[in-house]
Amino acid sequence: YKLLAALHHRSYGIATYIKNNIIDAEVVESRSTNDIFIIAAKIHGINIVNIYKPSLTQWPVNAIPQYEHPAVYAGDFNSTTDSGAIKQMTKMVHG
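Residues numbered from 1 in each chain as written. Predicted model: local features only at pLDDT ≥ 70, side-chain atom pairs only at ≥ 80, totals over all residues. Heavy atoms only, no water.

Asker: Quick question: what am I supposed to make of the side chain of T57 here?
Answerer: Take T57: it is sitting in the loop between β5 (46–52) and β6 (71–76). Its relative accessible area of 14% is what places T57 among the buried residues. Not counting the four nearest positions on each side in its chain, T57 is found in contact with N34, D35 and I36. (Helix = DSSP H or I, 4+ residues; strand = E, 2+ residues; numbered from the N terminus. Buried < 20%, exposed > 50% of the residue type's maximum accessible area, 1.4 Å probe, protein only. Contact = heavy atoms within 4.5 Å.)

Have a look at this one:
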């Protein structure tokens, strides 16, 4: 594996690795805003979004950017069932 992108912090950070044989990969976005770390990459035409949110950080409104489909969102969200983000997703799914 090789490092595609990384964001550093004195206490935590985020990194995205890809297999050595993948040549069709580009970093679309790499940022840290309000202690939420996001690395977005396009790999073989698929948007892969890696997200890290520390457990004590609150979810701000519109914290997660939306990318064109197909897209995969993964990471460590450190969310609880009573968080606003979880409530919003549950409402969208269950009405």
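Moving on from the coordinates now.
Asker: Explain the environment of N50 here, please?
Answerer: With respect to the helices, strands and loops of the structure, N50 is situated in strand β5. With 35 residues separating them along the chain, N50 and A15 place their C-alpha atoms 8.1 Å apart. Setting aside its immediate chain neighbours within four residues, N50 contacts I14, A15, T16, F37, I38, I39, A74 and G75. At a separation of 3.0 Å, a polar atom in the side chain of N50 contacts the main-chain carbonyl oxygen of A15. (Polar contact = N/O pair within 3.5 Å; in protein donor to acceptor, adjacent residues only side chain to side chain.)

Asker: Explain the confidence of the model for the protein here, please?
Answerer: Note that predicted coordinates carrying low pLDDT should not be read in detail. The predicted model of the protein has a mean per-residue pLDDT of 85, with 82% of residues at 70 or higher. Mean pLDDT per element in the protein: helix α1 (residues 84–94) is the minimum at 55, and strand β1 (residues 2–8) is the maximum at 96. (pLDDT = per-residue confidence, 0-100.)

Asker: Looking at this structure, I do not really get the packing of aromatic side chains. What am I missing?
Answerer: Think of a pair of aromatic rings as described by two things: how far the centres are apart, and how the planes are tilted against each other in angle. On inspection of all chains with the given rule, the structure shows three aromatic pairs. Seen from their ring centres, Y12 and Y52 are 5.5 Å apart, and the 50° between their planes marks the pair as tilted. Here the residue Y12 occupies a position in the loop between β1 and β2 (13–18), and Y52 occupies one in strand β5, the gap between them amounting to 40 residues. Residue class for Y12 comes out partly exposed when judged on its relative accessible area of 23%. By relative accessible area, Y52 is classed as buried at 16%. (Phe/Tyr/Trp six-rings, centres within 6.5 Å; stacked < 30°, edge-to-face > 60°.)

Asker: Help me out: how do you make sense of the pairing of strand β3 (residues 25–33) in this one?
Answerer: In this sheet, strand β4 (residues 36–43) lies alongside β3 in antiparallel orientation, the contact comprising eight bridges. Bridging from a neighbouring strand, T33 pairs with I36 of β4. Hairpin remark: β3 followed by β4, antiparallel, with two residues in the connecting loop; positive phi at N34, about 55°. (Pairing = 2+ DSSP bridges.)

Asker: Where do I start with the nonpolar core in this structure?
Answerer: Nonpolar side chains tend to gather and get buried jointly when the protein is soluble and globular. Among the nonpolar cores identified, the biggest contains eight residues, and these are I36, I38, A40, V49, I51, W59, A63 and Y67. Those elements that provide at least two residues to this core are β4 and β5. Ranked by the residues each element gives to this core, the list is headed by β4, at three residues. (Core = buried A, V, L, I, M, F, W, Y, C linked by side-chain atoms within 4.5 Å.)

Asker: How should the sheet that holds β4 be read in this particular structure?
Answerer: Two orientations exist for strands paired in a sheet by backbone hydrogen bonds: parallel and antiparallel. Reading across from one edge, β3-β4-β5-β6 is the order of the four strands in this open sheet, with mixed pairing throughout. Edge positions in the open sheet fall to β3 and β6, since each of these has one partner strand only. When strand polarity is set aside, the average angle formed by the axes of neighbouring strands in this sheet is 15°. Both β4 and β5 contribute to a ladder of seven bridges, which runs antiparallel. If you follow A40 over to β5, its bridge partner there is V49. (Axes fitted to C-alpha atoms, helices over the stretch in contact; angles between N-to-C directions.)

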